Amino acid sequence: MEYDREGPQLPTARGPISAAVGAYLLGAGPLPAAETVAEAPPYGDDLQLALYQCYELHYRGFAGVSPALEWDPGVLGTRAALEDRFLSALRADTPVHDSVAEAVGALLIEPVDGKGVSHFLRDEGELWQLREYAAQRSLYHLKEADPHAWVLPRLWGRAKAAMAAVEFDEYGGGRAERVHARLFADLMTDLGLDTAYGRHLDAASAECLATVNMMSLFGLHRSLRGALVGHFAAVEITSSPGSRRLAEAMRRTGAGPAAEHFYDEHVEADAVHEQIVRHEVIDGLLEQEPWLAADVAFGIDATGFLEDRFGARLLADWRCGRSSLRTPLPDPRHAAREASHTS
Amino acid sequence: MPNSPSDAPRRVKVQRRGPLLVEGPVEVELEDGTTVSSDRFRVALCTCRRSRRYPWCDTSHRPRSSGSGDGPAAKG
């Protein structure tokens, strides 16, 4: 069987489901039993990693795994069962606003004394915490805008044109050195992190995996196009002020020019993207398909729900002086700092 | 945007609360005579004068409340 010779390594299993999926991808065992999946905690490490492995076949795949398995009926069946667990939990647990206007409106109010991760990093974040943050966020940022590109064929008219324009900006406006994923790799270099795609998957928490899995879930299903648009809007609306705080954190800790630039760029770019996504993508979509309004609101609020869980996990670890990562960062230049801060 | 016909009038979108949206690229002449430029496909110009990246919008026009939280991501 033809297989990918390069690419990220398959991650270390976190339980029976992710172990079975990993083994199947290598041709070394059966897929997980349906009853095992049906009982798995929907936000847990095992289910989230198994789902992440299934989704990654649609992006860069894994070294030693056949690219043809992207459309393997067995993998797709397992993926559907995992998605069902995850999506059902998200629908049940997300407090959803009654209307899109209310969901958007809630995001447009800036808290004066915010207590989120970006506030923490701005005010008291240390370099080792910025490195951990970047390592976990790299799961998304090294494929920044990719999960959202899936929605383009599902939109048309004003919504499609505007969504494509924002994506074009995310992809550097045609210039490779300005692709946002590349800008993030440059930030990682400033922080002394390995920039290889997929390198930090083992280190990322289940809470982090869930935020990225949600994007792939919404992006890969046409039936969830409303949720994808809502999710994208939530990210763009909250990005600008959050990025300003993170840029300040990078400046204060002397992280480096590329680290500052990534977030500075997002302050400005996303102030524009927010306007376009609100007025063109959301309004354009709902003009054509008004029945998707509830899903747009769900996408906005589910994003907030999962981001809050991820943020709470990071802060809970950091406030105890504990590493937020499952595996320590390997960079020898920071070995001393790691040793004093990771558990 | 790259495919806009060059002879079409340049569109500017105004709103009561929020930045002025202009099709890019633009050059902006500031009060002190200096010019700054942006080659984004769309540019958001600050109208509330609160931006720390003036003349570009940085969302400082948003209302503020005494709540807490981060909101969703720090970027996308």
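Residues numbered from 1 in each chain as written. Chains lettered and ligands numbered in written order. Predicted model: local features only at pLDDT ≥ 70, side-chain atom pairs only at ≥ 80, totals over all residues.

**Quick word on the interface of chain A and chain B**
Bring the parts together and some accessible area is lost; that lost area is often taken as the interface size. For the record, the criterion: For the purpose of contact definition, each residue receives a C-beta atom placed from its backbone, and two residues are in contact when these atoms lie within 7 Å. Strands are runs of DSSP state E lasting at least 2 residues, helices are runs of H or I lasting at least 4, and numbering of each runs from the N terminus. All amino acids are sorted into three groups, where Ala, Val, Leu, Ile, Met, Phe, Trp, Tyr, Cys and Pro are nonpolar, Asp, Glu, Lys and Arg are charged, and the leftover types, Gly among them, are polar. At least two DSSP bridges between two strands are needed for those strands to be called paired.
In this assembly, 41 residues from chain A lie in contact with 29 residues from chain B. Listed by contribution, the elements that provide at least two residues to the side of chain A that touches chain B are strand S1 (110-111), helix H6 (117-124), helix H9 (157-170), helix H12 (225-252), helix H13 (257-288) and helix H14 (293-319) of chain A. Per-element tally for the side of chain A that touches chain B: the top contributor is H12 of chain A, with twelve residues. In terms of residue class, the side of chain A that touches chain B is made up of 17 nonpolar, 14 polar and ten charged. In terms of strand pairing, S1 of chain A meets strand S6 (residues 64-65) of chain B through two bridges, oriented parallel. By the bridge assignment for S6 of chain B, Pro111 of chain A is matched with Ser65 of chain B.

**Observations regarding the domain arrangement of chain A**
All names here are of chain A. Filter applied, for reference: Domain limits in this description derive from either an automatic procedure or a database domain assignment.
Looking at chain A, the domain boundaries give domain 1 (16-92) and domain 2 (98-341). On a C-alpha basis, the centres of domain 1 and domain 2 stand 24 Å from each other. Each side of the interface is counted separately: domain 1 has 15 residues, and domain 2 has 13 residues. Of all the elements in the fold, those that place two or more residues in the side of domain 1 that touches domain 2 are helix H3 (45-56) and helix H4 (73-93). For the side of domain 1 that touches domain 2, a count of residues per class yields nine nonpolar, three polar and three charged.

**Some remarks on the pairing of strand S3 (residues 26-29) of chain B**
Across four bridges, S3 of chain B lies against strand S4 (residues 35-38) of chain B in antiparallel orientation. If you follow Val28 of chain B over to S4 of chain B, its bridge partner there is Val36 of chain B.

**Here we look at the packing of helix H1 (residues 16-25) of chain A against H3 of chain A**
Residues and elements named next belong to chain A. Our working definition: Here the axes come from fitting lines to C-alpha atoms, over the contacting stretch only for helices, and the angles between their N-to-C directions go from 0 to 180 degrees. When an angle is under 35 degrees it counts as roughly parallel; over 145 it counts as roughly antiparallel; between 65 and 115 it counts as roughly perpendicular; any other value is oblique.
Between H1 and H3, the least distance of the axes is 7 Å, while the angle of their chain directions is 25 degrees. Relative to H3, the element H1 lies roughly parallel. Of the residues in H3, those touching H1 at Pro16, Ile17, Ser18, Val21, Gly22 and Leu25 are Asp46, Leu47, Leu49, Ala50, Gln53 and Cys54. Across the contact of H1 with H3, the residue classes break down as eight nonpolar, three polar and one charged.

**Some thoughts on the sheet that holds strand S2 (residues 20-23) of chain B**
Within the open sheet, the three strands sit side by side as S1-S2-S5 (chain B). Their pairing is antiparallel. In this open sheet, the two strands that pair with only one neighbour each are strand S1 (12-13) and strand S5 (42-45) of chain B. Relative to S5 of chain B, S2 of chain B is paired through four bridges, and the arrangement is antiparallel. When the sheet's bridge partners are listed, Glu23 of chain B is paired in S5 of chain B with Arg42 of chain B. Of the strands in this sheet, S2 and S5 of chain B are in contact with H13 of chain A, which crosses S5 of chain B at around 105 degrees.

**A closer look at helix H7 (residues 127-141) of chain A**
Quick reminder of the rule: Throughout, bend refers to the angle between the axes fitted to the seven residues that end at a position and the seven residues that start at it. A residue is called partly exposed when the number of other C-beta atoms within 10 Å of its own lies between 12 and 20, exposed at 12 or fewer, and buried at 20 or more, with C-beta atoms placed from the backbone.
Maximum bend of H7 of chain A: about 25 degrees, positioned at Ala135 of chain A. Here H7 of chain A lies mainly inside the structure; 13 of its 15 residues are buried.

**Looking at the nonpolar core**
All names here are of chain A. Put simply, the rule is: Each nonpolar core comprises buried Ala, Val, Leu, Ile, Met, Phe, Trp, Tyr and Cys residues, the members being joined through C-beta atoms within 7 Å.
The biggest cluster of nonpolar side chains holds 108 residues, and the ones touching the most others in it are Val229, Ala233 and Val281. Looking at which domains feed residues into this core, each of domain 1 (16-92) and domain 2 (98-341) supplies at least three. In contact with Val229, other than residues within four places in its own chain, are Val151, Val281, Ile282, Leu285, Val296 and Gly299.

**Brief notes about the environment of Pro290 of chain A**
Summarising the element assignment, Pro290 of chain A is placed in the loop between H13 and H14. Residues Pro290 of chain A and Gly226 of chain A lie 64 residues apart in sequence; the distance between their C-alpha atoms is 9.9 Å.

**A look at H9 of chain A**
Residues and elements named next belong to chain A. Filter applied, for reference: A helix is expected to reach a length of 1.5 Å times the quantity of its residues less one. Regarding the arc, it is the one traced by the directions from the helix axis to the C-beta atoms.
Here H9 spans 20 Å end to end across 14 residues, near enough to the 20 Å set by a 1.5 Å rise per residue. Every buried residue of H9 is listed here: Ala159, Ala162, Met163, Ala165, Val166, Asp169 and Glu170. For H9, the arc enclosing every buried residue in end-on projection is 160 degrees, short of the 170-degree limit, so these residues lie on one face. The inward-facing, buried residues of H9 abut helix H10 (180-190) and H13. Directly after H9, the chain includes Gly172, whose backbone phi takes a positive value near 85 degrees.

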